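Chain residues, written in single-letter form:
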2 protein chains.
Amino acid sequence: MSAGDARSRKRAPGAAYDPRMAERPDPNDHPPRRSFIERARRAQIVEAATQVVAELGYAGTSLARIAEKAEISKSVITYHFESKDEILRLVVSQFFERAWAHMSGRVEAERTASGQVRAWIGAQLEFYAEHRAEFLAMSQIMANHRTPEGSPAFAGELTEEVDALTEILQRGQRDGEFRDFDARGVATIILRCADGVLGSWAIDDSTRLLDQIPALLDFVDHAIRR
Amino acid sequence: MSAGDARSRKRAPGAAYDPRMAERPDPNDHPPRRSFIERARRAQIVEAATQVVAELGYAGTSLARIAEKAEISKSVITYHFESKDEILRLVVSQFFERAWAHMSGRVEAERTASGQVRAWIGAQLEFYAEHRAEFLAMSQIMANHRTPEGSPAFAGELTEEVDALTEILQRGQRDGEFRDFDARGVATIILRCADGVLGSWAIDDSTRLLDQIPALLDFVDHAIRR
DNA sequence: CTACATTCGGTCCATGCGTACGGAAAAACG
DNA sequence: CGTTTTTCCGTACGCATGGACCGAATGTAG
């Protein structure tokens, strides 16, 4: 069996798979679960993995290359992490957490629905523009990572996003800001539209992403406004 | 052996990299370059590769799996093809050729710029909807395939597309059909927008792509019309 | 039979992820 | 301090898979 990362290795061998084992199941761990070194290493490794994926793509990413990038030995990685899968998932989830932290305030500060839509897209693209490598890594992983059975590993993440934007659009329709359209369909279109612009920036960084933002906001505005 | 690429193996070892060597450099090939069997095998293998990439993703695609899918031995592949790279490039280029063949007539039949834009998007999505596996394979390969040096292998393909649509938009502006905007930027947005909708369909085939087409056409129409 | 085209099984070498084990470093203990 | 114990990390290895390739069958045609 492949028991545990750092310490879980000495645990009872029953707990085969528990990605969220961090929350105390028993009270005999008053000090933080992870030592200082471990937290530092994990952060370093996730950071290195992000850079490697961004540069070499999903398929070009191996533990060996991550180790090389971080200038550590390969086994440091397998010591601190359960598997490559765990690392990649962290790259994605951390990026989303940070992105949403950046966006949520901006969106909630707006009163009107159209303001919120603009804030959403604007804040999102700004954040991505400032974190190009992280964005590239995230999108490579999202597009490629699969479960052992072969199905895409990240599917539900997008649904939540669509739901949230759909609500904003519907409110805008009730308030008469927007014309009549299928809110959910348009929410999908808007989000994927932003992704699309990001996609062209991803493969060609000469695209001045920040300059495109006003154009995109304008485009969307004309499309949905009454 | 003689000339082909099954046989090109005996060529001068200088020509290291030539993705577009297929077009006759000399006139001494009146009969088709490839035998019947070879053409059949190549088609079969490209077809199998398409299915494998669509199902297992780019990273999950190996010559072994392609062979398995085609129910042939692995070396039949390496006999008829120079490399895995050649196969993957064919999957992409054939898909584009067919898609463009489907679209070009529809676009050129329209007189107005806005009609052409609608025809473009509509025909594109319809074609993709009818060829889901090929689309999935193409998009996996486009997103992941890299040169040996690590840079994305398909970058220029998109530029051409943008150029063509940009011209249509500019004409529409001159004719007063469209409002004022940066044609190139909006062309990018429109194309990537369609890609985005396709992307959500790619990961979730419950999306009724054909139903989304009118919504998307409507969305774009409102966005660019005067 | 000779010549060439096609296919198969198997080999080769590189790389992948994960593990084993021993020693260094740090923390706990006396 | 010194010693023991735990944490941490490097070297080396295991086992599987990858793409490419080779030589020996087959098939096919003259």
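Remember, it's a predicted structure, so these values are computed and weren't measured experimentally.

Cut-off values and rules
Residues numbered from 1 in each chain as written. Chains lettered and ligands numbered in written order. Predicted model: local features only at pLDDT ≥ 70, side-chain atom pairs only at ≥ 80, totals over all residues. Heavy atoms only, no water. Helix = DSSP H or I, 4+ residues; strand = E, 2+ residues; numbered from the N terminus. Buried < 20%, exposed > 50% of the residue type's maximum accessible area, 1.4 Å probe, protein only. Contact = heavy atoms within 4.5 Å. Areas by Shrake-Rupley, 256 points an atom, 1.4 Å probe, with all protein chains shown as cover. Buried area = accessible area lost by both parts, 1.4 Å probe. Salt bridge = Lys/Arg side-chain N within 4 Å of Asp/Glu carboxyl O. Polar contact = N/O pair within 3.5 Å; in protein donor to acceptor, adjacent residues only side chain to side chain. Near = heavy atom within 4 Å. Nonpolar A, V, L, I, M, F, W, Y, C, P; charged D, E, K, R; others polar. Least-squares fit on C-alpha atoms with pLDDT ≥ 70 in both.

Colleague: What exactly am I supposed to notice about the overall build of chain A here?
Modeller: A tally of helices and strands in chain A yields nine helices and zero strands. Along chain A, from the amino end to the carboxyl end, the secondary structure elements read α-α-α-α-α-α-α-α-α. Buried positions account for 46% of the 226 residues belonging to chain A. Sequence-distant contacts, at least 24 apart, represent 64% of the contacts inside chain A between residues at least 6 apart. Element-wise, carbon and sulfur atoms account for 52% of the exposed surface of chain A, whose accessible area totals about 11700 Å².

Colleague: I tried to follow the interface of chain A and chain B on my own but got confused; where do I start?
Modeller: A common way to state how big an interface is: give the accessible area lost once the parts meet. Between chain A and chain B, the contact holds 34 residues from the first and 33 residues from the second. Between chain A and chain B lies a buried interface of about 2700 Å² when both sides are counted; carbon and sulfur atoms form 64% of it. Of all residues in chain A, I189(A), R192(A) and F219(A) bury the most surface against chain B, accounting for 25% of the area lost on that side. Linking chain A with chain B are two salt bridges. Counting the contacts that link chain A with chain B gives eleven residue pairs in polar contact (both at pLDDT 80 or more). The element best represented in the side of chain A that touches chain B is helix α8 (residues 183-203) of chain A, accounting for twelve residues.

Colleague: Hey, could you run me through the protein's contact with DNA strand D in this one?
Modeller: The immediate surroundings of DNA strand D are formed by 20 residues, with S35(A), V76(A), H80(A), L63(B) and K84(B) found nearest. A breakdown of the atoms of DNA strand D within 4 Å of the protein gives sugar and phosphate a share of 67%. A distance of 3.1 Å separates a phosphate oxygen of DNA strand D from a polar atom in the backbone of S73(A). Taking K74(B), its side chain carries an N or O atom lying 3.3 Å from a base nitrogen of DNA strand D. Of all the elements in the fold, those that place two or more residues in the surface near DNA strand D are α1 (36-56) and α3 (74-80) of chain A together with α2 (63-70) and α3 (74-80) of chain B. Here the element with the most residues in the surface near DNA strand D is α3(A); it accounts for four residues. Here the surface near DNA strand D is composed, by residue class, of five nonpolar, nine polar and six charged.

Colleague: Teacher, can you tell me more about the relation of the copies chain A and chain B here?
Modeller: Superposing the two chain copies requires a rotation about an axis and a translation along that axis. Note on the identical chains: chain A maps onto chain B by a rotation of 180° and an axial translation of 0.0 Å, with an RMSD of 0.2 Å. Such values leave the two copies arranged in the relation of a two-fold axis. When the interface residues of chain A are mapped onto chain B, 97% of them are again interface residues, pointing to one common binding face.

Note that all results are geometric; they support no functional claim without further evidence.
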